[in-house]
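Structure at a glance
Listed here are the chains, written in short residue letters.
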Amino acid sequence: MEIVIYTDGGCSGNPGPGGWGSVVLANGSETRLSGGEKNTTNNRMELTAAIEALKFSAANFSSSDDISVFSDSQYVKNGITSWIKSWKAKGWKNAAKQPVKNQDLWMELDSLAQKFSDLKWNWVKGHAGIKYNEICDSLCGMEIEKRK
């Protein structure tokens, strides 16, 4: 089965009240997930959106299903597909030999990603009229408003 996931996260202020939204498309159905925190950062919300979508997918689908994740965050896409290898090899230190920010979330995302045999990460341009990215952005905004 093919599963398509869209994710988005954001903040009002950075840090500030934040929200995240995800849409999981599978079997002809659309599942919308969202949440937020009173005081957080944009990057934490972007990561949380991906984490929560993969948690949902792990609980509801087979680990052998084809999953494509679409995020408008280069931070998430590049972090999980490229940077994380170096961070792990260097004991969770970045190129400047400083601790990786949001290590707790990166470790959780990495652990979830390992559960799927065919997981692809894709970047999409935000605010470009892409239907499900716009829905995620709207979910994110609603969650931020709840926490202001």
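Below, the structure is looked at part by part. Given the structure is predicted, the values throughout are model-derived calculations rather than measurements.

What follows deals with the pattern of salt bridges. According to the stated counting rule, one finds 9 salt bridges in the structure shown. Close ionic contact of glutamate 145 with lysine 148 constitutes a salt bridge, the shortest N to O distance being 3.1 Å. Given the relative accessible area of 56%, lysine 148 is considered exposed. A single network of salt bridges, built from pairs that share partners, joins Glu52, Lys55 and Glu108.

Turning to the packing of helix H1 (residues 42-60) against helix H3 (residues 103-113), a few remarks are in order. The geometry of H1 relative to H3 is characterised by a closest axis approach of 10 Å and an angle of 25° between their N-to-C directions. Overall, the two elements H1 and H3 adopt an arrangement that is roughly parallel. Seen from above, H1 lies across H3 with left-handed handedness. Counting all contacts with H1, which are made through Arg44, Leu47, Thr48, Ala50, Ile51, Leu54 and Lys55, the residues of H3 involved are Asp104, Leu105, Trp106, Glu108, Leu109, Leu112 and Ala113. Here the residues of the contact of H1 with H3 sort into 9 nonpolar, 1 polar and 4 charged.

Further remarks concern the pairing of strand E1 (residues 2-11). Counted residue by residue, E1 has 8 buried out of 10 residues, so it is predominantly covered. The pairing of E1 with strand E4 (residues 66-71) spans 6 bridges and is classified as parallel. Considered in E4, the bridge of glutamate 2 is made with aspartate 66. Sheet analysis places E1 next to strand E2 (residues 16-26), joined by 8 bridges and oriented antiparallel. Its bridge partner being in E2, threonine 7 is matched across the sheet by serine 22.

A separate point is the packing of aromatic side chains. Counted under the stated rule, the structure contains 7 aromatic pairs. Geometrically, the ring pair formed by tyrosine 6 and tyrosine 132 is tilted, given 5.7 Å between the ring centres and 35° between the ring planes. Taken together, the residues tyrosine 6 in strand E1 and tyrosine 132 in helix H4 (residues 131-147) connect sequence positions 126 residues apart. Looking at tyrosine 6, the relative accessible area reads 12%, which means it is buried. Between the aromatic rings of phenylalanine 56 and phenylalanine 61, the centroid separation amounts to 6.0 Å while the plane-to-plane angle is 70°, which identifies the pairing as edge-to-face. Under the relative-accessibility criterion, phenylalanine 61 is labelled buried at 18%. Each residue in the set Tyr75, Trp83, Trp87, Trp92 and Trp106 is aromatic and connected to the rest through ring pairs, giving one cluster.

So, about the sheet that holds E2. Strand order across the open sheet formed by 5 strands is E3-E2-E1-E4-E5, with mixed pairing between neighbours. Since the sheet does not close on itself, it has two edges, and those belong to strand E3 (29-40) and strand E5 (118-123), each with one partner. The average angle at which neighbouring strand axes cross in this sheet is 15°, direction not considered. On top of the sheet, H1 reaches E1, E2, E3, E4 and E5; it is set at about 155° to E1, its chief contact. This element, H4, spans E1, E2 and E3 of the sheet and lies at about 145° to E2.

Conventions used here
- Residues numbered from 1 in each chain as written.
- Predicted model: local features only at pLDDT ≥ 70, side-chain atom pairs only at ≥ 80, totals over all residues.
- Heavy atoms only, no water.
- Salt bridge = Lys/Arg side-chain N within 4 Å of Asp/Glu carboxyl O.
- Buried < 20%, exposed > 50% of the residue type's maximum accessible area, 1.4 Å probe, protein only.
- Axes fitted to C-alpha atoms, helices over the stretch in contact; angles between N-to-C directions.
- Helix = DSSP H or I, 4+ residues; strand = E, 2+ residues; numbered from the N terminus.
- Parallel < 35°, antiparallel > 145°, perpendicular 65-115°, else oblique.
- Left-handed = near helix turned anticlockwise from the far one by under 90°.
- Contact = heavy atoms within 4.5 Å.
- Nonpolar A, V, L, I, M, F, W, Y, C, P; charged D, E, K, R; others polar.
- Pairing = 2+ DSSP bridges.
- Phe/Tyr/Trp six-rings, centres within 6.5 Å; stacked < 30°, edge-to-face > 60°.

Note that all results are geometric; they support no functional claim without further evidence.
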